[in-house]
Amino acid sequence: MSIAKALMKAMDNPYVSLADEGKSAGSMSTFVDTGSYVLNAVISGSLFGGIPSNKITMFAGEPSTGKTFFSLSIAKNFLETHPEALVFYFETEGAISKEMLEDRGIDSSRVAIAEVTTAEQFRNNAVQVIEEYLKTKEKDRTPVLFVLDSLGMLSTEKESADAAEGKNTRDMTRAQVLKSAFRTLTLKLSRADIPLIVVNHVYDAMDAYSPKVVGGGKGSQYAASTIVQLTKAKAVGADTGGGSADKSRTGAIISCTASKSRFTIEMSKVKTLLHHSSGLDKYFGLFQMAKDAEMIVKEGQRWRNTLTDELKWGKDIVNPKLAHQTFTQEFLEKLDVWVQENFKYGAVDSVDVEEFLEEDEVGGDE
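Enquirer: I would appreciate a short explanation of the overall build of the protein in the present structure.
Expert: Counting its secondary structure elements, the protein contains 12 helices and 15 strands. When the 366 residues of the protein are sorted by exposure, 47% land in the buried category. Contacts in the protein between residues at least 24 apart in sequence constitute 66% of all its contacts with a sequence separation of at least 6.

Enquirer: How do you make sense of the sheet that holds strand E13 (residues 296-299) when you look at a structure like this?
Expert: Adjacent strands of a sheet form backbone hydrogen bonds with each other and so pair up, either parallel or antiparallel. Judged by pairing direction, the sheet is antiparallel, and its 3 strands sit side by side in the order E13-E14-E15 without closing on themselves. The open sheet terminates on both sides in strands that have one partner only, identified here as E13 and strand E15 (311-312). Here 2 bridges tie strand E14 (residues 302-305) to E15, and the two strands are oriented antiparallel to one another. Opposite Arg304, over in E15, you have Leu311 as the bridge partner.

Enquirer: Would you mind going over the pattern of salt bridges with me for this structure?
Expert: Opposite charge on two side chains makes pairing possible when the charged atoms of those side chains draw close. Counted by the stated rule, this structure contains 9 salt bridges. Salt-bridge contacts for Lys158 lead to Asp162; the nearest nitrogen and oxygen are separated by 2.9 Å. Here Lys158 pairs with Asp162, and both are found in helix H6 (residues 157-164), just 4 residues apart, close to one helical turn. For Lys158, a relative accessible area of 38% puts it in the partly exposed group. Here Glu165 ties to Lys167 by a salt bridge, and the two come within 3.2 Å at their closest N and O atoms. Put simply, Glu299, Arg304 and Asp309 are held in one network by salt bridges that share partners.

Enquirer: Looking at this structure, how should I read the packing of aromatic side chains?
Expert: How two aromatic rings sit relative to each other is given by the distance of their centres and the angle of their planes. On inspection of all chains with the given rule, the structure shows 12 aromatic pairs. Aromatic side chains Phe327 and Phe331 sit 5.5 Å apart centroid to centroid with 75° between the ring planes, which places their arrangement in the edge-to-face category. When the ring of Trp338 is compared with that of Phe343, the centres are 6.3 Å apart and the planes differ by 65°; the resulting orientation is edge-to-face. Here the two residues Trp338 and Phe343 agree in accessibility, since each one is buried.

Enquirer: How do you make sense of the confidence of the model for the protein when you look at a structure like this?
Expert: Low pLDDT marks stretches whose predicted atomic positions should not be read closely. On average, residues of the protein score 86 in pLDDT, and 84% of them are at 70 or above. Across residues 348-366, where pLDDT falls below 50, the model places 46 contacts with residues more than four positions away in sequence or in other chains.

Enquirer: Would you explain the pairing of strand E7 (residues 196-204) in this entry?
Expert: Moving residue by residue along a regular strand, the side chains alternate between the two faces of the sheet. Looking at chain direction, strand E3 (residues 56-61) and E7 are connected through 6 bridges and run parallel. Each residue of the ladder has a partner; that of Met58, found in E7, is Val198. Both strand E6 (residues 144-149) and E7 contribute to a ladder of 4 bridges, which runs parallel. Across the sheet, residue Val147 finds its bridge partner in E7, namely Ile197.

Enquirer: Sorry if this is basic, but what is going on with the packing of helix H5 (residues 119-135) against helix H7 (residues 174-192) here?
Expert: Helix-helix packing is characterised by the crossing angle of the two axes and by the distance between the axes. Contact geometry for H5 and H7: axes closest at 10 Å, N-to-C directions at 15°. The orientation of H5 relative to H7 falls into the category roughly parallel. Seen from above, H5 lies across H7 with left-handed handedness. Contact residues: H5 offers Ala119, Glu120, Phe122, Arg123, Ala126, Val127, Ile130, Glu131, Tyr133 and Leu134, while H7 offers Val177, Leu178, Ser180, Ala181, Thr184, Leu185, Lys188, Leu189, Arg191 and Ala192. Class assignment for the residues of the contact of H5 with H7 results in 13 nonpolar, 2 polar and 5 charged.

Enquirer: Sorry if this is basic, but what is going on with unusual backbone geometry here?
Expert: Generally, phi is negative for residues other than glycine and the peptide bonds are trans, each holding for most cases. A cis geometry characterises the amide bond from Asp149 onward to Ser150, with omega recorded as 5°. Positive phi outside glycine occurs at Ser64, with the angle close to 70°. Mapped onto the elements of the fold, Ser64 is located in the loop between E3 and helix H3 (67-81). Residue classification places Ser64 among the exposed positions, given a relative accessible area of 57%. With phi around 60°, Asp193 is a residue other than glycine that occupies positive phi space.

How each quantity is defined
- Residues numbered from 1 in each chain as written.
- Predicted model: local features only at pLDDT ≥ 70, side-chain atom pairs only at ≥ 80, totals over all residues.
- Heavy atoms only, no water.
- Helix = DSSP H or I, 4+ residues; strand = E, 2+ residues; numbered from the N terminus.
- Buried < 20%, exposed > 50% of the residue type's maximum accessible area, 1.4 Å probe, protein only.
- Contact = heavy atoms within 4.5 Å.
- Pairing = 2+ DSSP bridges.
- Salt bridge = Lys/Arg side-chain N within 4 Å of Asp/Glu carboxyl O.
- Phe/Tyr/Trp six-rings, centres within 6.5 Å; stacked < 30°, edge-to-face > 60°.
- pLDDT = per-residue confidence, 0-100.
- Axes fitted to C-alpha atoms, helices over the stretch in contact; angles between N-to-C directions.
- Parallel < 35°, antiparallel > 145°, perpendicular 65-115°, else oblique.
- Left-handed = near helix turned anticlockwise from the far one by under 90°.
- Nonpolar A, V, L, I, M, F, W, Y, C, P; charged D, E, K, R; others polar.

Here you go:
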């Protein structure tokens, strides 16, 4: 037995291992596909990545930025990717129902909705599920995803007790309670290989450099491996590949900023499309990315695919029904090389994130 093994055996810790064995809770080898290539890129640094499979990912934004629908869209893709998977949806607002899930195309028989009102209740319920899950042999475990929607609506047991007694005093312990909850959960989620999506809100701050602050205290922000801040713009038919005369609302274009990331360059930005009916668009945003990578270049009023030399109208490239014809597996694999060079943490010294704010330049009509 090596000296390292002997020393580790002396520790009363079943989770100690050599780093090169890749058994630590911090080890990350898999990701959960979000259902959007560009969202995968801004979170994990790869078009084929997504949210880390054993860490906390937070989506934060103002009201009506699609935070809940982001989580539902990822849950849908997770269940479709893993036919035996389960989702535990910790719900604080009484807004999620069987009908809402099924309207979004989600199999409601594989979603457990746990209504929670306090941070302590959420922590205890989540820990109970994790402990029971860890009792199952690893080879028999089905993939599990946790969603907390939303962090901002969680109260504390003290706040609930004060309300019952008619007290109006502010609960000064809430930040500490939330910090304790996430401190307890972070390592347990990692050991169980369970991802947690946290839906959160932002609020205005008296700071010219950081006008929007993520709510919930520092504890949740420290615990999250990734925080994606969402801002919204309306999307009409013409914005999503439809005709220029189509002014009907089809969804929302969401700007996604990685304000904290352990995998990608912080403050990297992409734009996604959230359909009202079908959730996140898989291909939206790739056109801008491919232009930045010079894999699609403008020639006259059309665009040339540098991989195939094919010329197309811009609207045919961004059209959700036709996008797959341009963004083939071969094209995506080559584009992913550029994505990793420009998004992944440590891959480059800096990145001009302003270019990701540019409007999609469709151009040209037949």
